[in-house]
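Next come the chains, spelled out residue by residue.
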Amino acid sequence: NGVMKDTVKTTSMVFIILIGAAMLTSAFRAFGGEELVREFLTGLPGGFWTQFIVVMLVIFLLGFFLDFIEIAVVVVPIVAPILLANPEANVTAVWLGVMFGLNIQTSFLTPPFGFALFYLRGVAPKIVRTVHIYRGALAFIGLQLLALVIAGSFPSLVNYLPNRSFLTSETAPPPMNPRLQSCLESYLFDFYDNEGDRLRGSIGQMAAADLSYLPTSVRKALEESTDKAQATFALVEAVRESQQALTDYEQEYRPLHMQVRDLQSQMRKLDAELKQHSLRLRRLSEEDNAKPAQLAKLQAEIDHLTIEREALEPQIPVNWQADHDQYLTLSKAEKRALNRYRNNVDSAYEPVPALLQVLQQTEALAAQEPEIAALITTISEQDSKLAMEQVETVANSLGLIAGSSKVKSKLSKARRALKGKRADPAKAQKLVGESLSL
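Residues numbered from 1 in each chain as written. Predicted model: local features only at pLDDT ≥ 70, side-chain atom pairs only at ≥ 80, totals over all residues. Heavy atoms only, no water.

J.: Teacher, can you tell me more about a nonpolar patch on the surface here?
T.: A contiguous nonpolar surface patch, about 630 Å² in accessible area, is contributed by F140, L143, L146, I150, F154 and L157. With four residues, helix 7 (residues 130-153) is the largest single contributor of residues to the nonpolar patch. Secondary-structure assignment places L146 in helix 7. (Patch = residues over 30% accessible without salt bridge, like charges linked within 9 Å, V, L, I, M, F, W, Y side chains within 5 Å. Areas by Shrake-Rupley, 256 points an atom, 1.4 Å probe, with all protein chains shown as cover. Salt bridge = Lys/Arg side-chain N within 4 Å of Asp/Glu carboxyl O. Helix = DSSP H or I, 4+ residues; strand = E, 2+ residues; numbered from the N terminus.)

Okay, structure coming up:
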């Protein structure tokens, strides 16, 4: 009762905080607070990364005074959509959440208000002073900051596992009902059967298309996509064969499985009773006033249970282990076939919509060419500060165009070449020229 009451109290407190945070966030947005935050962040010079650093700094400072629940349910829902909506961001919500988590964790280690340090103070012996804890935490703060820099510099490290989840599987974001997965794949397999000839014809047209005008990396990705699309039908057949083999084997294996599992269940119950009786017998035998009749009765029960237990074990068929191993082998083969199909089909279609998006924005990219070319004159004729602003404006407009990241990257480097006392207009012009070539 005590544990249940305390659990209910704690859970209720957490949900009250969540409800209160949702009400506060709703009211904050209703009165235009989110617009004020958005205007403040988007008004900062430097684009997404300046906004991100400011938000991380605010969350770091809030970690001195607020618990992680309050930060996660009040602050993050306000700032995260603003950051993710920025077209320059090109980051995932998973990466942003991990960065926030690392930041809050670092804040909890940082004197003078670090929550984690005070938790440690509560369990540490009196000989350990608070100053010692502060000094000892410095190494861990350094490690946390290093982890923040690494995760920020290489988002692919954070997104590695989420990217390994197949878009057609139950682990795909957003989460879906696992029971729905078999229905989804069954529907797809029927679709392949009904539309197989048309699909193969379309894949053949793609394979025969002249892709020589595309960049090498894009062309190779598309060629690999076509090869994997053609391999899909063979992989579907492999999945069906493995599933059929498992289904056929299950018909004869199921009765044996049920029989053995029932016997093993009975044996586990007997083992539990034997353990309990043996414990009682040991404790009674250690007492000075133990009655011999009671000890004899317990020993008789133990002997009876032991005989009953030993009688069950020979009832397990000799072929059980071999048949069970065969079932596991067939089950693993089915999973491998499914994973090969899912991995292949994801890799087959992902490059296609990405390329379509790039091709659809070709005209928009071509329209930027005169503006980029004009930057060379701007850099040579105008003040470095004004030239930087012009370069940044063009770079921001490129950020809205799919596939232009390399072009934009050159302009960003050109802007940095114009920055500070060591401004190098010649280098900036060269970088703009390289951007124009790309």
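J.: Sorry, what's going on with the packing of aromatic side chains here?
T.: For any two aromatic rings, the description comes down to two numbers: the centre-to-centre distance and the angle of the planes. Per the counting criterion, the structure on display carries twelve aromatic pairs. With centroids separated by 6.4 Å and ring planes inclined at 70°, the aromatic side chains of Y192 and Y341 adopt a geometry described as edge-to-face. One end of the pair, Y192, is in helix 10 (residues 178-208); the other, Y341, is in helix 13 (residues 320-349), and 149 residues separate them in sequence. Among the residues examined, Y192 registers a relative accessible area of 12% and is labelled buried. Of note, R200 hangs over the ring of F233, and the distance from its end group to the ring centre comes to 4.0 Å. (Phe/Tyr/Trp six-rings, centres within 6.5 Å; stacked < 30°, edge-to-face > 60°. Buried < 20%, exposed > 50% of the residue type's maximum accessible area, 1.4 Å probe, protein only. Lys NZ or Arg CZ within 6 Å of the ring centre and 35° of its normal.)

J.: In this structure, what is going on with the layout of surface pockets? I would like to understand it.
T.: Its boundaries defined by the atoms lining it, the second largest pocket holds a volume of some 730 Å³. Around the second largest pocket, the lining is made up of 22 residues, and of these P215, V218, V358, A402 and G403 lie nearest the centre. Listing elements by their share of the lining of the second largest pocket, those giving two or more residues are helix 11 (216-286), helix 14 (351-360), helix 15 (362-366) and helix 18 (405-417). If one sorts the elements of the lining of the second largest pocket by residue count, helix 14 sits on top with six residues. A breakdown of the residues in the lining of the second largest pocket according to their chemical character gives 15 nonpolar, six polar and one charged. (1 Å grid on protein atoms, 1.4 Å probe; cavity = no way out; pocket = protein on both sides within 12 Å on 5 of 7 lines; lining within 4 Å. Points joined across faces, edges and corners; volume = space filled by probe spheres on them. Nonpolar A, V, L, I, M, F, W, Y, C, P; charged D, E, K, R; others polar.)

J.: It is not clear to me how the pattern of salt bridges should be interpreted in this structure. Could you clarify?
T.: If the charged atoms of two oppositely charged side chains come close together, the side chains can form a pair. Using the criterion set out here, one finds eight salt bridges in the structure. Measuring nitrogen to oxygen at the nearest pair gives 3.3 Å for the salt bridge that ties E34 to R29. Judged by relative accessible area, E34 falls into the buried class, the value being 14%. In this structure, the salt-bridge partner of E237 is R240, at a minimum N-O distance of 3.5 Å. In this pair, E237 and R240 are both assigned in helix 11, three residues apart and thus about one turn of the helix distant. Since its relative accessible area comes to 39%, E237 is described here as partly exposed. Residue R240 is classed as partly exposed on the basis of its relative accessible area of 25%.

All quantities given are derived from atomic positions and should not be read as evidence of function.
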